[in-house]
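# Observations on the model geometry
Spelled out from the first residue to the last, the chains are:
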Amino acid sequence: MDRSVHNKGTYHIETWGCQMNVHDSEKLSGSMEREGYLRAAGPDGADVVLLNTCSIREKASEKVFSELGRLRKLKDRNPDMILGVCGCVGQQEGAEIFRRAPFVDLVIGPRSTASLPALMERVRQGETDVSLRVDTEYRRDSIDFPYDQIRREGEAAGKAFVTVIEGCNHRCTFCIVPRTRGKEVCRGMDDILAEVGQLADRGVLEVEFLGQTVNAYRDDRGNGLAELLVATSRIDGIERIRFTTSHPAQMTERLMDAMAEAGPRVVPFLHLPVQSGSSSVLKDMRRGYDRGTYLAKVAALRERIPGICLGTDIIVGFPTESDVDFRETLSLMEEVRFHSCYSFTYSPRPGTASEAFHDGVGPEEKQARLHELQLVQKGIQERLHASWVGRTVEVLVEGASKSDASRMTGRTPESRIVNFTGNAVIGRMAPILVESSSAYALLGRKIEPEA
Ligand code: 5AD
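Residues numbered from 1 in each chain as written. Predicted model: local features only at pLDDT ≥ 70, side-chain atom pairs only at ≥ 80, totals over all residues. Heavy atoms only, no water.

### Side note on the pattern of salt bridges
If you walk through the whole model with that rule in mind, you get 37 salt bridges. A salt bridge links Asp24 to Arg181, with the shortest nitrogen-to-oxygen separation between them at 3.1 Å. Taken together, the positions of Asp24 in helix H1 (residues 19-34) and Arg181 in helix H6 (residues 177-181) put the pair 157 residues apart, joining distant regions of the chain. Exposure remark for Asp24: the relative accessible area of 4% places this residue in the buried category. Shared partners join several salt bridges into a network, and the residues in it are Glu33, Arg39, Arg151 and Glu153. (Salt bridge = Lys/Arg side-chain N within 4 Å of Asp/Glu carboxyl O. Helix = DSSP H or I, 4+ residues; strand = E, 2+ residues; numbered from the N terminus. Buried < 20%, exposed > 50% of the residue type's maximum accessible area, 1.4 Å probe, protein only.)

Structure follows, in structure tokens:
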């Protein structure tokens, strides 16, 4: 990074939402630092404050406006502070944000990452025309971002995100993502491999390929995720390869074979959002698969990659979900036994097809279903994790445990959180004997080499 740039002040970025957003913030931070800004300790006193927002559910979206209300006070104290809204709420609301929150200085969409410095310059020049302070074009800025300028937060812990595809061509009836992130665009495989090679040279052990529908990846030369996984597994130094999020309809046998062929460096964990266990709800969601096809994919994965662990996302209380449909979701969970599950009550989003559906599930019923589902999942995780006790696992060490400062924490290849005693080096692998477990984590101690 060019350190000779004149120091322009400090910046602070608040990030909500998915890994894509977290990684976009790493790119925004990189741009800011290249422009000569330094990271602030927090929003208080920062010269530039950016909110990198999420609009997947209404709650996430509304949180932005309450946070803006809070930041307004900082701006009252420091009128020169530049306040920007980035990410999916920026995309969705566009110039409308200036109406609801006129003290905001600039708005950019998630794909216009590289336009941040130019917009900021306009604000600094005193530009007041609203249309000049918003950029919500579906550009390639974010995907083509110069990777050596990304400020990577996970690097000290040996991990890095790598974008391979952005956008989504599916049309799930509940989902706002195609509107906020646009159609799919892919990076060339050579460019991705060059980035991974550079990360490996810097000591990164784990890469996570990112895309809203990562398994839709296909570059101009016809390389898909299958080819990318096999090629990445040959890069010296990279010990773990993750990818998220996969769409079940595109989880092809070719890709499953490649996961097996690439060997254990491709981790035996897959996040495969099912959304519902009812074929009729899946149809109304326009997911492109039914219960049977999903279960067949799970069986095919388990056949090829013994011991693979699965994670999922589930929406309860979709407008057409009956109690019987909901029970089918519970039974699918018992059948698959997911190691992790993010679950949500359905939230209508502007401009989606399901916004117009008659919602037959009241808010209390939605909450009751969510509660029941989470209890079922907790029981499943408790039982699954209990079967890990006595095993020795390899974790990539992340740092001190958040829940217990006397322990360190790391993850297994299967993405299990392990809190452990003993000294280990952050960003390196360590062998841990699992001694006990809960629904959410494994507990253990580091195995010390014989003296
Ligand atoms: N309401 C509730 N949950 C949603 N998700 C996506 N859209 C909605 C919505 N409108 C959930 C899905 C998705 C996860 C990222 O968020 O489960 O996989």
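Now that the structure has been shown, the text picks up again.
### Section: the sheet that holds strand S4 (residues 82-86)
With parallel pairing, six strands are arranged side by side in an open sheet as S2-S1-S3-S4-S5-S6. Edge strands, defined here as strands with exactly one partner in the open sheet, are strand S2 (37-39) and strand S6 (134-135). Strands strand S1 (9-15), S2, strand S3 (48-53), S4 and strand S5 (106-108) of the sheet are contacted by H1, whose axis makes an angle of about 175° with S1. In the packing of helix H5 (residues 116-124) onto the sheet, contacts are made with S2, S3, S4, S5 and S6, and the angle to S5 comes to roughly 165°. (Pairing = 2+ DSSP bridges. Contact = heavy atoms within 4.5 Å. Axes fitted to C-alpha atoms, helices over the stretch in contact; angles between N-to-C directions.)

### A short note on the side chain of His339
Assignment of secondary structure puts His339 in the loop between helix H12 (323-336) and strand S14 (340-345). Residue class for His339 comes out buried when judged on its relative accessible area of 9%. His339 has contacts with Cys309, Leu310, Gln377, Gln381, Leu384, His385, Trp388 and Arg416, leaving out every residue within four places of it along the chain.

### Points about the site of the ligand
The environment of the ligand is made up of Ile56, Arg57, Phe174, Gln275, Asp313, Ile315, Phe344, Thr345, Tyr346, Ser347 and Arg349. Ser347 is positioned with one of its backbone polar atoms (N or O) 2.7 Å from a nitrogen atom of the ligand. Taken together, the elements giving at least two residues each to the shell around the ligand come down to strand S13 (309-316) and S14. Residues of the shell around the ligand, tallied by class, amount to five nonpolar, three polar and three charged. (Near = heavy atom within 4 Å. Polar contact = N/O pair within 3.5 Å; in protein donor to acceptor, adjacent residues only side chain to side chain. Nonpolar A, V, L, I, M, F, W, Y, C, P; charged D, E, K, R; others polar.)

### Digging into the domain arrangement of the chain
Assigned domains of the chain: these are domain 1 (9-135), domain 2 (152-267), domain 3 (271-386) and domain 4 (392-446). Every contact between the two is made by eight residues of domain 3 and, on the other side, eight residues of domain 4. For the domain 3 and domain 4 pair, buried surface summed over both sides reaches about 680 Å², with 56% attributable to carbon and sulfur atoms. Ranking the residues of domain 3 by area buried against domain 4 places Cys309, Lys378 and His385 at the top, with a combined share of 61%. In this assembly, domain 3 and domain 4 are joined by zero salt bridges. (Domains from an automatic or database assignment. Buried area = accessible area lost by both parts, 1.4 Å probe.)

### Some thoughts on the sheet that holds S13
Taken together, three strands build an open sheet; the order of strands is S12-S13-S14 and the sheet is parallel. Two strands in the sheet have a free side with no partner beyond their single neighbour: strand S12 (269-271) and S14. In this sheet, neighbouring strand axes are inclined to one another by 10° on average, regardless of whether the strands run parallel or antiparallel. The pairing of S13 with S14 spans six bridges and is parallel. By the bridge assignment, Thr312 is partnered in S14 with Cys341.

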